[in-house]
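Summary of the model geometry
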Amino acid sequence: MLQDQVPDLLRRATALLEDEFSSLPAFSPAVDTEGIERVLGTVAKRLADNYPYFHPLYAGQMLKSPHPVARATYALAMTINPNNHARDGGRASSVMEIEAVREIAGIFGWNEYLGHLTSSGTLANLEALWVSGQLADAGKSGKRIVGSEQAHYTHRRISGVLKLDYTEIAADNRGRMSMEALETELRKGGVGTVVATLGSTAIGAVDPLDQILALKERYGFRVHVDGAYGGYFRLIPEALDEPARRAYACMSQADSIVIDPHKHGLQPYGCGCVLFHDHCMGQFYKHESPYTYFTSKELHLGEISLECSRAGAAAVALWATQRLLPLAPGGEFAGGLASGRRAAVELDRRLRRNESGYFQALAGGGPELDIVVWKLAAKTAEEASEMAQKVFVACAARDLHLALVQLPQLWFEPEGCAETGVGDSLVTCLRSVLMKPEHEAWLDRIWERLIDATAEVMGEQG
Ligand SMILES: *Cc1c(COP(=O)(O)O)cnc(C)c1O
């Protein structure tokens with residue numbers, strides 16, 4: 001499961017790279033092979049203390065192994081260990097970053113833009129909101145940031161760091177930003193940026209970007225799209241339901257976009273990406289560096305990013321992955337996204353059919369991307385929450401790894417039954433992120449284990 005041909009391929013590629021430096025006088029760094037082997041053995045044992053993220057029966061959080069070509073090229077690049085801060089630290093990998101980011105911008109139809117990789121989605125979002133704050137300071141926009149209550153939790157923290165006011169906008173029973181609530185907030189004035197989440201972390205909800213853009217016409221604000229998780233779904237509009245498809249269709253009208261290659265882009269951690277539609281935003285990054293930017297007159301990526309050192313290897317791995325699996329609609333990469341999406345739709349269908357009577361699905365409708373959530377049928381939210389915990393454990397005992405999430409109880413109440421007194425109480429639900437293409441073929445095995453585990457818990461419950 002964990003062993004493949006990657007080490008052999010890597011050994012051959014490393015020899016090719018070494019040939020390229022053969023004019024240098026020979027030099028063999030001292031390596032304590034025995035010591036390394038001993039430590040490797042210990043590390044292998046220590047790493048067993050993990051959920052098996054690489055396996056299709058791991059269907060919990062947003063976690064999976066990077067693509068073998070990403071692993072191999074990341075390791076190959078580490079023999080050089082380039083730093084994409086400046087061309088001085090990484091010439092080839094800087095060019096590869098620029099090329100890879102151009103391909104990502106292409107997903108959104110952007111030919112002119114400013115963009116680069118970051119060490120995470122959080123850092124990428126921070127840069128986007130930092131630019132919003134800079135524009136506000138220059139008197140060019142309001143200073144307030146608003147995002148849905150289902151937006152990633154870091155937006156509030158980032159706004160705190162940047163000393164920008166942050167307001168949460170209510171979400172509807174599908175986890176999408178409520179346009180009524182947004183407009184109420186816009187009328188108060190001072191909103192500089194609306195964060196639209198396309199693929200929320202909890203349930204993969206897609207904010208109605210088309211309607212947000214219509215409000216932009218009237219109120220004037222920047223639109224930042226947080227597609228850290230869901231950005232790549234722009235490649236498979238035909239697999240999405242109408243509201244999500246409409247939102248993705250107008251992504252090119254955003255002012256800035258964040259997408260995480262280390263979430264759905266098959267990359268090791270340490271790879272986020274921020275894009276600005278207006279390349280003039282580069283003005284805010286202007287700074288001098290007394291140590292770097294000497295060896296080339298070309299743009300150094302450190303001149304357009306907040307971070308200094310960044311892994312050149314991350315850019316190399318992303319570039320290589322996109323060579324093997326181009327970001328094209330209808331291609332193999334898009335096909336992988338579509339498989340996970342089909343697995344989610346099918347799991348949701350079985351949960352809704354609910355032959356066992358154990359489950360309750362979201363009242364408003366099924367998954368918008370590849371994340372499925374459901375609660376256990378019970379008399380009270382407390383009971384349902386307790387049972388979700390037990391099913392989570394019983395599934396794990398069957399090697400099926402799911403996740404838990406707290407959601408408003410109201411989302412499970414049929415329309416018009418909102419006065420049942422649940423207020424805004426939360427209920428713990430089961431959550432499954434079906435982000436591996438293999439999940440589709442494994443769905444029957446996932447389902448069997450889920451039913452078996454739930455039957456055991458419900459049986460104990462009497
Ligand atoms: C994961 C995620 C983030 C944060 O990205 P990191 O790479 O974990 O820092 C932000 N927004 C959304 C919607 C996410 O899913």
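Preceding this section is the structure that the text describes.
Residues numbered from 1 in each chain as written. Predicted model: local features only at pLDDT ≥ 70, side-chain atom pairs only at ≥ 80, totals over all residues. Heavy atoms only, no water.

Here we look at the pattern of salt bridges
- All chains considered together, the criterion is met by 25 salt bridges.
- With its nearest N and O atoms 3.5 Å apart, the salt bridge here joins E355 to R353.
- A salt bridge links D452 to R398, with the shortest nitrogen-to-oxygen separation between them at 2.6 Å. One end of the pair, D452, is in helix 13 (residues 443–461); the other, R398, is in the loop between helix 12 (381–396) and strand 10 (403–408), and 54 residues separate them in sequence.
- Because the salt bridges share partners, they merge into one network encompassing D210, E242, R245 and R246. (Salt bridge = Lys/Arg side-chain N within 4 Å of Asp/Glu carboxyl O. Helix = DSSP H or I, 4+ residues; strand = E, 2+ residues; numbered from the N terminus.)

Section: a nonpolar patch on the surface
- A cluster of nonpolar side chains, namely M1, L2 and F54, defines an oily patch on the protein surface of about 380 Å² accessible area.
- Topologically, M1 is positioned in the segment before helix 1 (6–20).
- Accessibility expressed as a relative area gives 81% for M1, which makes it exposed. (Patch = residues over 30% accessible without salt bridge, like charges linked within 9 Å, V, L, I, M, F, W, Y side chains within 5 Å. Areas by Shrake-Rupley, 256 points an atom, 1.4 Å probe, with all protein chains shown as cover. Buried < 20%, exposed > 50% of the residue type's maximum accessible area, 1.4 Å probe, protein only.)

Describing the site of the ligand
- Taken together, the neighbourhood of the ligand is formed by 13 residues, with T122, D226, D260, H262 and K263 sitting nearest.
- Here an oxygen atom of the ligand sits 2.6 Å away from a polar atom, N or O, in the side chain of D260.
- When the ligand sits alone it has 380 Å² of accessible area, and the protein chains cover 89% of it.
- Among the elements that line the shell around the ligand, the one with the most residues is helix 5 (residues 121–137), at three residues.
- Among the residues forming the shell around the ligand, the class breakdown is two nonpolar, eight polar and three charged. (Near = heavy atom within 4 Å. Polar contact = N/O pair within 3.5 Å; in protein donor to acceptor, adjacent residues only side chain to side chain. Nonpolar A, V, L, I, M, F, W, Y, C, P; charged D, E, K, R; others polar.)

Some remarks on the sheet that holds strand 9 (residues 371–376)
- A sheet is described by the order of its strands in space; here four strands give the open sequence 8-9-11-10, paired in antiparallel fashion. In this open sheet, the two strands that pair with only one neighbour each are strand 8 (359–361) and strand 10. The sheet shows a mean angle of 45° between the axes of neighbouring strands, taken without regard to direction.
- Pairing of strand 10 with strand 11 (residues 426–433) involves six bridges; the strand directions are antiparallel. Paired with P408 across the strands is L426, a residue of strand 11.
- Where helix 12 meets the sheet, it contacts strand 9, strand 10 and strand 11, and its direction lies at approximately 30° from that of strand 11. (Pairing = 2+ DSSP bridges. Axes fitted to C-alpha atoms, helices over the stretch in contact; angles between N-to-C directions. Contact = heavy atoms within 4.5 Å.)

Nothing here speaks to function; it is geometry throughout.
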